Amino acid sequence: MPTQNLDILDYCPSCGGYNFIESLEPETSLHYGRLTCNECGRFVKWLRKPRKTPDISVARLLNSTGLEPWEKKFLKAVVCRNLTKAEVIVVQAIANKVNPATVGRGSG
Ligand SMILES: [Zn+2]
């Protein structure tokens, strides 16, 4: 079974087809890409830019003051490896707490 992207429709609202084409828009476009039906060619929806993993330095966070003991423990555990999605969320939350001014701004 292919994993379904929950962000896209299950079927074409026009013809009920299940085949979609994802195409990227030019850089100048407001949109990242578009989804069109492979059956009838109808425009289905705009695609959002995939979220990039935020660039948060775990090592730097570890040096922050005001960390809870579990937070320190957690950061030490993940500092040397790639974060999973769930861990990124936790790291972000910690970063937001200790450094609210520098996190959470979109980079465009
Ligand atoms: Zn269609």
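Residues numbered from 1 in each chain as written. Predicted model: local features only at pLDDT ≥ 70, side-chain atom pairs only at ≥ 80, totals over all residues. Heavy atoms only, no water.

**So, the confidence of the model for the protein**
Here is the rule: By definition, pLDDT measures how confident the predictor is in each residue, and it falls between 0 and 100. Any two residues whose heavy atoms approach within 4.5 Å at even a single point are treated as in contact.
Here the protein averages 80 in pLDDT, while 78% of its residues score no lower than 70. Low pLDDT, under 50, characterises residues 1-6; the stretch is placed with 1 contact to residues that sit more than four places away or in other chains.

**With respect to the side chain of Glu71**
Worth spelling out the cut-off: Only DSSP runs of H or I with at least four residues qualify as helices, and only runs of E with at least two residues qualify as strands; both kinds are numbered from the N terminus onward.
If you trace the backbone, Glu71 turns up in helix α2 (residues 69-78). If near-sequence neighbours (up to four positions away) are discounted, Glu71 is found in contact with Gly66, Ile94 and Lys97.

**Looking at the sheet that holds strand β2 (residues 33-37)**
Our working rule: Strand pairing is defined by DSSP finding a minimum of two bridges between the two strands. Note on geometry: axes are lines fitted to C-alpha atoms, helical ones only across the stretch in contact, with angles between N-to-C directions running from 0 to 180 degrees.
Judged by pairing direction, the sheet is antiparallel, and its 3 strands sit side by side in the order β1-β2-β3 without closing on themselves. Lying at the two open borders of the sheet, with one neighbouring strand each, are β1 (20-24) and β3 (43-47). Going across the sheet, the axis of each strand differs from the next one's by a mean of 25°, ignoring polarity. In terms of strand pairing, β2 meets β3 through 4 bridges, oriented antiparallel. Across the sheet, Thr36 pairs through a bridge with Phe43, a residue of β3.

**Section: the coordination of the zinc ion**
Worth spelling out the cut-off: Counted as donors are N, O and S atoms no farther than 2.8 Å from the metal, or 3.2 Å for Na, K and Ca; water is not among the atoms, and sites may therefore look incomplete. Geometry assignment treats four donors as tetrahedral when all angles are between 85 and 135 degrees, treats four as square planar and six as octahedral when opposite donors are over 155 degrees apart and all others between 65 and 115, and treats everything else as irregular. Partly exposed describes any residue whose relative accessible area lies between the buried limit of under 20% and the exposed limit of over 50%, with all areas from a 1.4 Å probe on protein chains only and scaled to the type maximum.
Protein coordination at the zinc ion comes from Cys12 (SG), Cys15 (SG), Cys37 (SG) and Cys40 (SG), with a distance range of 2.3 to 2.4 Å. Taken together, the 4 donor atoms coordinating the zinc ion and their angles of 103 to 116° define a geometry best described as tetrahedral. The sequence motif formed by the donor residues of the zinc ion is C-x2-C-x21-C-x2-C. Looking at Cys37, the relative accessible area reads 2%, which means it is buried. Residue Cys40 is classed as partly exposed on the basis of its relative accessible area, which comes to 38%.

**Some remarks on the pattern of salt bridges**
What counts is decided by this rule: The rule for a salt bridge is simple: a side-chain nitrogen of Lys or Arg has to be within 4 Å of a carboxyl oxygen of Asp or Glu.
Across all of its chains, the model carries 4 salt bridges by this definition. As a salt-bridge pair, Glu71 and Lys97 come within 3.0 Å of each other at their nearest N and O atoms. Placement of Glu71 in helix α2 and of Lys97 in helix α3 (residues 85-98) is noted, with a sequence separation of 26 residues between them. Judged by its relative accessible area of 4%, Glu71 falls in the buried class. The salt bridge partner of Glu87 is Arg81, with a shortest N-O separation of 3.0 Å.

**Considerations on the nonpolar core**
Across soluble globular proteins, you tend to see nonpolar side chains buried next to one another. Condition: What is meant by a nonpolar core is a set of buried Ala, Val, Leu, Ile, Met, Phe, Trp, Tyr and Cys residues, joined one to another through side-chain atoms within 4.5 Å.
Ranked by size, the top nonpolar core spans 10 residues in total: Val58, Leu61, Leu62, Leu67, Phe74, Leu75, Val78, Val91, Ile94 and Ala95. Residue assignment for this core shows that the elements contributing at least two residues are α1 (58-62), α2 and α3. Within the second largest apolar cluster, 6 residues are counted, among which are Cys12, Phe20, Cys37 and Leu47.

**Describing the packing of α2 against α3**
The line we're drawing: Throughout, the term roughly parallel applies to angles under 35 degrees, roughly antiparallel to angles over 145, roughly perpendicular to angles from 65 to 115, and oblique to all others. Take the far helix as your reference; a near helix turned counterclockwise from it by less than a right angle gives a left-handed crossing, and one turned clockwise gives a right-handed crossing. When residue character is reported, Ala, Val, Leu, Ile, Met, Phe, Trp, Tyr, Cys and Pro are called nonpolar, Asp, Glu, Lys and Arg charged, and the others, Gly included, polar.
At a closest axis distance of 11 Å, the pairing of α2 and α3 adopts a crossing angle of 130°. Put simply, α2 runs oblique to α3. The way α2 lies across α3 gives a crossing that is left-handed. Contacts from Trp70, Glu71, Phe74, Leu75 and Val78 in α2 reach Glu87, Val90, Val91, Ile94 and Lys97 in α3. Residue composition of the contact of α2 with α3, by class: 7 nonpolar, no polar and 3 charged.

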